[in-house]
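A closer look at the structure
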Amino acid sequence: MIILRLQAERLHRYRKLRLADLPERGIIAVSGDNESGKSAIGEIICFALFGRTYVLAADRIGKLVHWGTGQGAVTLRFRASGVTYE
């Protein structure tokens, strides 16, 4: 699976998250200080694919929504076996 684009609004610590124009070959590193949101990106991707995260139990998924907002959204575009999904 190759991630082509990730857009999220009001999820985890992000009011807006946009990762686009990602290279289709090579390695991508996500780096930053502690508590800067690196793991949150992984959780948002997991939520986009499976409707849950690897940290939050299904009955606590509402905790994924950004503090003080009522809803969030995520769009993930990826390619697998030559087919693009969104």
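As shown above, the structure is provided for reference.
The paragraphs below set out a description of the structure included in this document.

Calculation notes
Residues numbered from 1 in each chain as written. Predicted model: local features only at pLDDT ≥ 70, side-chain atom pairs only at ≥ 80, totals over all residues. Heavy atoms only, no water. Core = buried A, V, L, I, M, F, W, Y, C linked by side-chain atoms within 4.5 Å. Buried < 20%, exposed > 50% of the residue type's maximum accessible area, 1.4 Å probe, protein only. Helix = DSSP H or I, 4+ residues; strand = E, 2+ residues; numbered from the N terminus. Contact = heavy atoms within 4.5 Å. Phe/Tyr/Trp six-rings, centres within 6.5 Å; stacked < 30°, edge-to-face > 60°. Lys, Arg positive; Asp, Glu negative; His and termini not counted. Salt bridge = Lys/Arg side-chain N within 4 Å of Asp/Glu carboxyl O. Pairing = 2+ DSSP bridges. Axes fitted to C-alpha atoms, helices over the stretch in contact; angles between N-to-C directions. Patch = residues over 30% accessible without salt bridge, like charges linked within 9 Å, V, L, I, M, F, W, Y side chains within 5 Å. Areas by Shrake-Rupley, 256 points an atom, 1.4 Å probe, with all protein chains shown as cover. Polar contact = N/O pair within 3.5 Å; in protein donor to acceptor, adjacent residues only side chain to side chain.

1. Side note on the nonpolar core
Core analysis: the largest hydrophobic core is formed by 13 residues, its most contacted members being Leu6, Tyr14, Leu17, Ile41 and Ile44. Contributing elements (two or more residues each) for this core: strand 1 (2-11), strand 2 (14-19), helix 1 (38-50) and strand 3 (73-80). Counting residues per element, this core draws most heavily on helix 1, at four residues. Among residues more than four places away in sequence, those in contact with isoleucine 41 are Leu6, Tyr14, Leu17, Leu19 and Val30.

2. Details of the packing of aromatic side chains
Evaluated as defined, the whole model comprises one aromatic pair. Between phenylalanine 78 and tyrosine 85, the ring centres sit 5.4 Å apart and the planes meet at 25°, which makes this aromatic pair stacked. When its relative accessible area of 15% is taken as the criterion, phenylalanine 78 is described as buried. Looking at tyrosine 85, the relative accessible area reads 40%, which means it is partly exposed.

3. Comments concerning the side chain of glutamate 43
Relative to the helices and strands, glutamate 43 resides in helix 1. We note that glutamate 43 is buried and unpaired, the nearest opposite charge coming from arginine 13 at a distance of 9.0 Å. Excluding residues that lie within four positions of it along the chain, glutamate 43 makes contacts with His12, Thr53, Tyr54, Val55 and Leu56.

4. Notes on the sheet that holds strand 3
The strand order across the open sheet built from four strands is 2-1-3-4, with neighbouring strands paired in antiparallel fashion. On the outer flanks of this sheet lie strand 2 and strand 4 (83-85), each paired with one strand and no other. Ignoring which end each strand starts from, the neighbouring axes of this sheet average 10° apart. Where strand 1 and strand 3 come together, seven bridges link them in antiparallel fashion. Pairing of leucine 6 across the sheet is with leucine 76, part of strand 3.

5. A look at a nonpolar patch on the surface
A surface patch of nonpolar side chains, amounting to about 330 Å² of accessible area, comprises Met1, Leu49 and Phe50. Relative to the helices and strands, leucine 49 is located in helix 1. For leucine 49, a relative accessible area of 31% gives the class partly exposed.

6. What to know about the side chain of threonine 53
Note on placement: threonine 53 falls in the loop between helix 1 and strand 3. In terms of polar contacts, threonine 53 uses its side chain to reach the side chain of glutamate 43, at 3.3 Å. In terms of polar contacts, threonine 53 uses its side chain to reach the backbone amide nitrogen of leucine 56, at 2.8 Å. Excluding residues that lie within four positions of it along the chain, threonine 53 makes contacts with Glu43, Cys46, Phe47, Ile61 and Leu64.

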